[in-house]
Amino acid sequence: MIENQPRELTLIYHSEKTDDKKARGYVESLRTSAIKTLDLAREQITETQLAQIADKMQLPIEELVDVSYDERADTTENKEGLKKMNKTELLTVIKHNPKLLATPILILGDKAYKYGTGYHLIKEYMAEGVKSGSDALNAEEKNR
């Protein structure tokens, strides 16, 4: 299970993907929170963790898959094959080929988000901070 404390951020990424490396650099530049990273090129993720991430993102498992990760692949054929798989099969396929996971993914509190841009990260991070009653809020705002 991937759990965060208040004001803690987890980045799930794959260090062999260029955009993921950029996201990691941006996330690690944030000085206002504790940061945990999970590099899928070096660490394994379980089917249970993948299912929990999908739940936190409020997405079906199928939407966690990035069939375009390999430019040489026939994405139409890949999409059709994925549609025929059940949830358990998809989780197993992603576990054994983590490049298929649409990364980077940010986990903030009890929510997970597909990393879009630095702006998106800041917007979600600030929203989570407000909900968690962070030190950035004064006592009056905490009581609302």
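Please read these numbers as outputs of a predicted model, since none were measured by experiment. (Residues numbered from 1 in each chain as written. Predicted model: local features only at pLDDT ≥ 70, side-chain atom pairs only at ≥ 80, totals over all residues. Heavy atoms only, no water.)

Peer 1: Could you clarify how one ought to interpret the pairing of strand S3 (residues 105–108) in this entry?
Peer 2: Looking along a regular strand, one sees the side chains alternate between the two faces of the sheet. Neither face of S3 is left uncovered, since the one carrying Ile105 and Ile107 and the one carrying Leu106 and Leu108 both have all their residues buried. Summarising the sheet, strand S1 (residues 8–13) and S3 pair through four bridges and their orientation is antiparallel. Opposite Leu9, over in S3, you have Leu108 as the bridge partner. Across four bridges, S3 lies against strand S4 (residues 111–114) in antiparallel orientation. The partner of Ile107 across the bridge, within S4, is Ala112. Turn length for the S3-S4 hairpin, with the two strands adjacent in sequence and antiparallel, is two residues, and the turn residue Gly109 shows positive phi of about 65 degrees. (Buried < 20%, exposed > 50% of the residue type's maximum accessible area, 1.4 Å probe, protein only. Helix = DSSP H or I, 4+ residues; strand = E, 2+ residues; numbered from the N terminus. Pairing = 2+ DSSP bridges.)

Peer 1: Hey, could you run me through the sheet that holds strand S2 (residues 34–39) in this one?
Peer 2: Backbone hydrogen bonds hold the strands of a sheet together, and the pairing may be parallel or antiparallel. Taken in spatial order, the four strands make up an open sheet running S2-S1-S3-S4, and their pairing is mixed. Looking at the sheet topology across the chains shown, the edges are occupied by S2 and S4. On average, each strand axis in the sheet is inclined to that of its neighbour by 20 degrees, with strand direction left out of account. As paired elements, S1 and S2 share six bridges and run parallel to each other. Bridging from a neighbouring strand, Tyr13 pairs with Asp39 of S2. (Axes fitted to C-alpha atoms, helices over the stretch in contact; angles between N-to-C directions.)

Peer 1: Quick question: what am I supposed to make of the nonpolar core here?
Peer 2: One recurring pattern in soluble globular proteins: nonpolar side chains tend to sit buried together. Counting 23 residues, the largest nonpolar core has Ile12, Ile53, Ile61, Val65, Leu101 and Ile105 as its most contacted members. Within the residue set of this core, elements represented by two or more residues are helix H2 (47–57), helix H4 (87–96) and S3. Examining the composition of this core, we find that five residues originate from one element, H2, more than from any other. Among the nonpolar cores identified, the runner-up in size contains ten residues, and Leu9, Val27, Leu30 and Leu108 belong to it. (Core = buried A, V, L, I, M, F, W, Y, C linked by side-chain atoms within 4.5 Å.)

Peer 1: Any chance you could explain the environment of Asn4 here in plain terms?
Peer 2: By the element assignment, Asn4 lies in the segment before S1. Placed 32 residues apart in sequence, Asn4 and Lys36 show a C-alpha to C-alpha distance of 8.9 Å. With near-sequence residues (within four places) excluded, Asn4 lies in contact with Leu9, Thr10, Lys36, Ile107, Leu108 and Gly109. (Contact = heavy atoms within 4.5 Å.)

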